[in-house]
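In case you want the letters, here they are:
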Amino acid sequence: MTDAVIDVIIPVWNRPDETRNCLVNLINHTPEARLIIVDCGSERDTERILQEFADGLEDRALLMRDDSNIGFVRAVNRGFESSSAPFLALLRNTSIVAARWLDPLLQFAEAHPEAGILLPCLDPGDPCEGPCEVERGSFAAMVIRRELYREIGGLDENLDGGAWCLKDFTRRACAKGYLTCQVPGPAVSHQEEAPLGSEQRRRETLQRSMTAFRERWGEGGSYLLHVPKGVELELLRQKLEWLVQGARHGDRYTVLLPSALGQAARQSGLCCLHENVKLVSLPRLSWDGKRRRFYEKLVAQRPGTMPVTAVDGMPFPWSERYLSFTELAERIKVRLH
């Protein structure tokens, strides 16, 4: 047992070159961590590399082995169970961390105790302008509070080893009052994993996971809000707080703003509240027909989107069928309970 600030879990199944690069970078750039390496029945060359690292790191590493590939999610949970540090991190063995990659995540966690799952920017050029809530973590790299793990346990091994499993983990965290946030900082580069198994089996697993998730959490709605001229920034902020609550429970929102209000919202950081609350500024100088086509294009991108007028008593300009903001807020309240 060590006094490590963070335990980093790395499931490994072959890929010796990528695994070596991943571990070397972790050792160089995360000196305060203990590495928990879960070997899922790798072949001899990878197994030898892992043993060399474990021997060289002594108490800074824990090497766990299975005789067969138990699957990524089960391997992650085995690593979580063996961890003891205040924070847990998960990395794929194809991920490459940069210098001081962990610092912004731990600093943000210290300042925001409600942040239970934290993501770095993934790959150079990842649009991460400011801290922003997201709908799920990433197997490429994420950090988890130990308190959260104690409350909700590990990943659901009955779901897919991908998006639905991660969304479920975030929703379980949210039910306990913890948020999932991406934090700007040095990027972690990663490779997309090649899918395993037959295409038919992958489709069946995906469909089963989608169904299980929706039975457990319901299905979110898609909404497009029109904010008229004259709305002040503080009123917009209050309305966006409602939308963030809905986004945490699966809704998606696009908010159409007058140009000046959109600029003020960006300067105030309101564009980085939640990845599923998108603020879109309408063109400053354009006739109504052009704005209507802009609206129709947005709706066409997500069929089933419901228009909403952001100010009760004012009509939605391009649709006779719409919700008032009060009606939307009532829908959000239902989802919260």
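None of the values given here were measured: they were computed from a predicted structure. (Residues numbered from 1 in each chain as written. Predicted model: local features only at pLDDT ≥ 70, side-chain atom pairs only at ≥ 80, totals over all residues. Heavy atoms only, no water.)

**Quick notes on the overall build of the chain**
Looking only at helices and strands, the chain has 11 helices and 13 strands in total. Relative to the compact-globule value of 20 Å for 337 residues, the chain shows a C-alpha radius of gyration of 22 Å, a close match. Its C-alpha atoms give the chain principal-axis dimensions of roughly 70 × 40 × 35 Å. Burial analysis of the chain (337 residues in total) assigns 50% to the buried set. Excluding contacts between residues fewer than 6 apart, the proportion of contacts in the chain whose partners are at least 24 apart in sequence is 79%. When the accessible area of the chain is evaluated, it comes to approximately 16,500 Å², of which 48% is carbon and sulfur surface. Taken as two groups, the 43 positive and 47 negative side-chain charges of the chain have centres that lie 6 Å from each other. (Helix = DSSP H or I, 4+ residues; strand = E, 2+ residues; numbered from the N terminus. Rg over C-alpha atoms; globule rule 2.2 N^0.38 Å. Buried < 20%, exposed > 50% of the residue type's maximum accessible area, 1.4 Å probe, protein only. Contact = heavy atoms within 4.5 Å. Areas by Shrake-Rupley, 256 points an atom, 1.4 Å probe, with all protein chains shown as cover. Lys, Arg positive; Asp, Glu negative; His and termini not counted. Charge placed at Lys NZ, Arg CZ, Asp CG, Glu CD.)

**Comments concerning the sheet that holds strand β11 (residues 277–281)**
The strand order β11-β10-β9-β12-β13 describes an open sheet built from 5 strands, whose pairing is parallel. Since the sheet does not close on itself, it has two edges, and those belong to β11 and β13 (323–324), each with one partner. Sheet analysis places strand β12 (residues 306–309) next to β13, joined by 2 bridges and oriented parallel. The residue bridging Val308 from the neighbouring strand is Leu323, located in β13. Contacts between helix α9 (residues 259–267) and the sheet are confined to β10 (252–257) and β11, with β11 contributing the most and set at about 135 degrees to the helix. (Pairing = 2+ DSSP bridges. Axes fitted to C-alpha atoms, helices over the stretch in contact; angles between N-to-C directions.)

**A look at the packing of aromatic side chains**
Aromatic rings in a pair are described by how distant their centres are and how their planes are angled relative to each other. One pass over the full model with this rule turns up 8 aromatic pairs. When the ring centre of Phe72 is taken as reference, the NZ or CZ atom of Arg92 above it lies at 4.1 Å. We note Lys167 situated over the ring of Trp164; from NZ or CZ to the ring centre the distance is 4.3 Å. (Phe/Tyr/Trp six-rings, centres within 6.5 Å; stacked < 30°, edge-to-face > 60°. Lys NZ or Arg CZ within 6 Å of the ring centre and 35° of its normal.)

**Describing the side chain of Thr46**
Examined against the element boundaries, Thr46 turns out to sit in helix α2 (residues 44–57). The buried category is assigned to Thr46, whose relative accessible area is 1%.

**Focus: the UniProt feature "domain: Glycosyltransferase 2-like" (unreviewed entry) in the chain**
Mapped onto the present numbering, the UniProt feature "domain: Glycosyltransferase 2-like" (unreviewed entry) falls at residues 8–119. As a span, residues 8–119 carries 42% helix and 26% strand, and end to end its C-alpha atoms are 14 Å apart. (UniProt positions renumbered as here; feature names shortened; annotations may be inferred.)

**Some words on the sheet that holds strand β8 (residues 179–182)**
Reading across the sheet, the 8 strands line up as β3-β2-β1-β4-β7-β5-β8-β6 and stay open at both edges, with mixed pairing between neighbours. Two strands lie at the open edges of the sheet, namely β3 (61–66) and β6 (132–133), each paired on one side alone. Sitting on the sheet, helix α1 (residues 16–29) touches β1 (6–12), β2 (33–40) and β4 (87–91), and the angle it makes with β1 is about 175 degrees. On the sheet, helix α6 (residues 163–175) packs against β5 (115–119), β7 (141–145) and β8 and is oriented at approximately 150 degrees with respect to β5.

**Brief notes about the pattern of salt bridges**
Scanning all chains against the criterion turns up 18 salt bridges. The partner of Asp103 in a salt bridge is Arg100, with the nearest N and O atoms 2.7 Å apart. With relative accessibility at 59%, the residue Arg100 sits in the exposed group. One salt bridge connects Arg216 with Asp168, and the closest N-O pair in it is separated by 2.7 Å. Residue Arg216 is found in helix α7 (residues 199–217), and its partner Asp168 is found in helix α6; the two are separated by 48 residues along the sequence. Residues participating in the shared-partner salt-bridge network are Asp39, Arg44, Glu47 and Arg65. (Salt bridge = Lys/Arg side-chain N within 4 Å of Asp/Glu carboxyl O.)

**With respect to the confidence of the model for the chain**
Of all residues in the chain, 96% have pLDDT values of 70 or greater, and the mean over the chain is 93. Averaged over each element, pLDDT in the chain is lowest for helix α10 (residues 288–301) (87) and highest for β5 (98). (pLDDT = per-residue confidence, 0-100.)

**Notes on the side chain of Ser324**
Examined against the element boundaries, Ser324 turns out to sit in strand β13. Apart from the residues within four sequence positions on either side, Ser324 is in contact with Val308, Thr309 and Asp312.

**Quick look at the pairing of β10**
Most of β10 sits out of view: 5 of its 6 residues are buried. Alignment of strand β9 (residues 222–226) against β10, held across 5 bridges, turns out to be parallel. Along β10, the bridge assignment pairs Tyr223 with Tyr253. What joins β9 to β10 is helix α8 (residues 233–247), and the crossover it makes is right-handed. Where β10 meets β11, 5 bridges bridge the pair, whose relative direction is parallel. Bridging from a neighbouring strand, Tyr253 pairs with Val277 of β11. (Right-handed = clockwise from strand over helix to strand, strands pointing away.)

**Concerning unusual backbone geometry**
Unlike most non-glycine residues, Arg15 shows phi in positive territory, near 60 degrees. Turning to its location among the elements, Arg15 is positioned in the loop between β1 and α1. A relative accessible area of 25% places Arg15 in the partly exposed class. Despite not being glycine, Glu58 shows a phi value in the positive range, around 55 degrees. Relative to the assigned elements, Glu58 resides in the loop between α2 and β3.

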